[in-house]
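Residue-level structure breakdown
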Amino acid sequence: MNSKIYKTGQMRVRIIKSGLLSTVQDMGRTAGLPMAVPVSGVMDAYSARIANKAVGNAGEDAVIEFTYGGAVLEVETDILIACAGGGARLEIDKQMLPSGKPLFIPAGTIINLLNKPGGCRTYLAVAGGWNVPDVLDSKSTCLVAGFGGFEGRALQPGDVLSASGNLSALSQKILNSLKRTVVNCPKWQIPGRDASSSERKIIRVIRGHESGWFDEQSVGGFFAEPYKLSLKSNRMGYHLEGPLMARINKQELLSTAVTPGTIQVTGNGSLVLLMADCQTTGGYPRIAQVAAVDMPLCGQLQPGDELYFNEISWNEAERLYIEQEKHLHQLSATIENKYL
Amino acid sequence: MGYLTFKYRKISGVCHIQSIVSFVEAEMTTSTHMALSIYPISEKAVTIAFGDSISEALMHRITNFDKLILERSLPGLQTTVPAYNTLSIFFDPLQVLKSNLPGKTCREKVSHYLEQLNETETTAIKSESQLITIPVCYGGALGPDLEDVAALNKITTGEVINVHSSATYLVHMIGFVPGFAYLGGMSETIAAPRKATPRAAIPAGSVGIAGMQTGIYPLQTPGGWQLIGQTPVKLFDPARPVPALLKAGDRVQFKSIGVNEFKDLQNRADAGTDN
């Protein structure tokens, strides 16, 4: 990896319409966990990382996470961006922009985000990363305590976001190759992982530490029956509608650390899947943990979506995780090779 | 165990913070060298379970083990989360796998590391904890449920204040929302059930009672606790180098203040002169 940093004029966008919930996020904040600061970060890390890789960013830079369509942006300077994810498509003059590709967009262009069936969250990366201050070693927005990201809150009309201006050598090469007076992108594209809306959504999970607290029939049902994402679902967690779990062990669980992907069983036997903005500790028994590689899929679920849980082992979950990391590393190398 | 030395005393603008050096020899000798109970909670974290109950001895064991981990850093260590009876360790799996620790998987490597640490744990670990005095203006508009709490317990409001502000509380863990401390040590003579209808917005700094627990709301949130007062101290402020005022193992005392002092301290806290 070439570590030389190229200084460039600050790339900027202005938010004209902010959409349902648009926030600046990176890979999340672990430093605050002992203080009960939620990890936050992108809900679909895979898509966010693809968008970053497409613009040649070396690290996991801050991106904007949009929820469905509705947002409108004005590009104030010539800019190199990329998008990936689901729930929205980006359009300029009614022309759809491809995802998973670097896009050169000249100053003065208006970008519209329109609803797209399938998925929920779209990521917008910029060459150099969106420039917001680091708080507790992260640029993610902590909505509950109102800090981090862009002024500790969701984006609003009139907000102007700038890129850091520190381009990687790769970003600089991509920018040089695409710079025109019109919108421009290369032929290559990183394929996304967004599941189509018709596909049966299967989430791989590992049995949780208290899975033995429930009767066999309930546990059997958990792995066989569909669950539906309720309307009561947000960045903190998803309520799942489906068979209720029956307890055989009525022991009280003392509050202990939980993490995004934890599936808790609440007092009435219903399930809550914890997501990026979840509390750091919880006192409900844990039936399962979603495999890290399937969390991006969960980040794209919409209320009404039906999902099934498939059991895998911790060893398998770790193997899948390492495999995905290798794949993403390989992707970066492939893009670098295009610009040697 | 006993408190042996008062190392230093720092008096900040809004609250007193006192450092105490304590030795926790007795508990350590009985609990070391027993195999740890370790289970994964994700590909990137494991939890050590230390026991089934809430106790001061357990809390000291957890804070000491936490200290050990942070001092002799595990490769790829990101952070640790102490709780009532558990300690969770968060790490970067790729860095753990690259390490020379024995084992094939991350869990094996991390477990081995933790077991090693457990065996080398010395019997007398010096731990430093803080005694933090938090000023509270009880009753009135800042503590709208003080009279209800007194009536429920058939005592006067003055007695509620006296009981609440004369105890020393132990921070067992931080959880729920940023900077929220689970405090142990409240007298049952001032216990009160949660309100039937939760309030939509409780101001940051509100001091409340729920059942046998007392606590301070660090942020404005909805909540059902009986509010007996409010502190001008910021329990959580992301602008501070360490945003949370309290951490597991700290001790807390409340000091009754009048409404004028409350306003004065609040102005100083808002001006950022409290630290």
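Just so it is clear, the model here is predicted, and its values are computed rather than measured.

1. Focus on the overall build of chain B
Scanning chain B from N- to C-terminus turns up seven helices and 15 strands. The long-range fraction of contacts in chain B, counting pairs at least 24 apart against all pairs at least 6 apart in sequence, stands at 62%. Element-wise, carbon and sulfur atoms account for 53% of the exposed surface of chain B, whose accessible area totals about 11700 Å².

2. Observations concerning the nonpolar core
Residues and elements named next belong to chain A. In this structure, Ile-111, Phe-222, Ile-263, Ile-287 and Phe-309 are the most contacted members of the largest nonpolar core, which totals 84 residues. Broken down by element, this core gets its largest block of residues, six residues, from strand 6 (residues 79–85). The two domains that each donate at least three residues to this core are domain 1 (5–192) and domain 2 (201–322). With residues up to four places along the chain from it excluded, the contact list for Ile-263 reads Val-205, Phe-222, Leu-271, Val-272, Leu-273, Pro-285, Arg-286, Ile-287, Ala-288, Val-290 and Phe-309.

3. Thoughts on the domain arrangement of chain A
Frequently, the measure chosen for interface size is the accessible area that the parts lose on association. All names here are of chain A. Once the domains are mapped, chain A shows domain 1 (5–192) and domain 2 (201–322). Placing a centre on the C-alpha atoms of domain 1 and another on those of domain 2 gives a separation of 29 Å. Between domain 1 and domain 2, the contact holds 25 residues from the first and 16 residues from the second. Three residues, Met-43, Asp-44 and Arg-121, lead the burial of domain 1 against domain 2; their summed loss comes to 35% of the area buried on that side. Remark: the boundary between domain 1 and domain 2 carries one salt bridge. Joining domain 1 to domain 2, the criterion identifies nine residue pairs in polar contact (both at pLDDT 80 or more). At the level of secondary structure, the elements contributing two or more residues to the side of domain 1 that touches domain 2 comprise helix 1 (45–54) and strand 11 (121–126). The element contributing the most residues to the side of domain 1 that touches domain 2 is helix 1, with three residues. Split by residue class, the side of domain 1 that touches domain 2 holds 14 nonpolar, eight polar and three charged.

4. Description of the interface of chain A and chain B
Counting from both sides, the interface comprises 35 residues of chain A and, opposite them, 39 residues of chain B. Counting the contacts that link chain A with chain B gives zero salt bridges. For the pair chain A and chain B, the interface holds six residue pairs in polar contact (both at pLDDT 80 or more). Secondary-structure elements contributing two or more residues to the side of chain A that touches chain B are strand 17 (256–257), strand 21 (286–290) and helix 5 (314–338) of chain A. It is helix 5 of chain A that contributes the most residues to the side of chain A that touches chain B, seven residues altogether. Here the residues of the side of chain A that touches chain B sort into 22 nonpolar, ten polar and three charged.

The rules behind the values
Every residue gets a number counted from 1 within its own chain, in the order that chain's sequence is written. Going through the entries in the order they are written, you letter the chains from A and number the ligands from 1. In keeping with the predicted nature of the model, local features appear solely for residues at pLDDT of at least 70, side-chain atom pairs appear and are counted solely at 80 or more, and the whole-chain, interface and lining totals rest on all residues. Hydrogens and water molecules were not included; the side-chain quantities draw on all heavy atoms of the structure. Secondary structure elements are taken from DSSP: a helix is a run of H or I of four residues or more, a strand is a run of E of two residues or more, and numbering for both begins at the N terminus. Should any heavy atoms of two residues lie within 4.5 Å, those residues are considered in contact. Per-residue and other accessible areas follow the Shrake-Rupley method at a 1.4 Å probe size, with only the shown protein chains counted as cover for residues. Note on terminology: a nonpolar core comprises buried Ala, Val, Leu, Ile, Met, Phe, Trp, Tyr and Cys residues joined through side-chain atoms within 4.5 Å. Relative accessible area decides the class of each residue, using a 1.4 Å probe on protein chains only: under 20% of the type maximum gives buried, over 50% gives exposed, and in between gives partly exposed. The split into domains, and so the bounds of each, comes from an automatic or database assignment of domains. The term buried area denotes the loss of accessible surface (1.4 Å probe radius) that occurs when two parts are joined, taken as the sum for both partners. For salt bridges, the criterion is a side-chain nitrogen of Lys or Arg within 4 Å of an Asp or Glu carboxyl oxygen. Polar contacts, as counted here, are pairs of nitrogen or oxygen atoms within 3.5 Å of one another; within protein the pair requires one atom able to donate a hydrogen and one able to accept it, and residues that are adjacent in sequence qualify only if both atoms are side-chain atoms. Note on residue classes: Ala, Val, Leu, Ile, Met, Phe, Trp, Tyr, Cys and Pro are nonpolar, Asp, Glu, Lys and Arg are charged, and everything else, Gly too, is polar.

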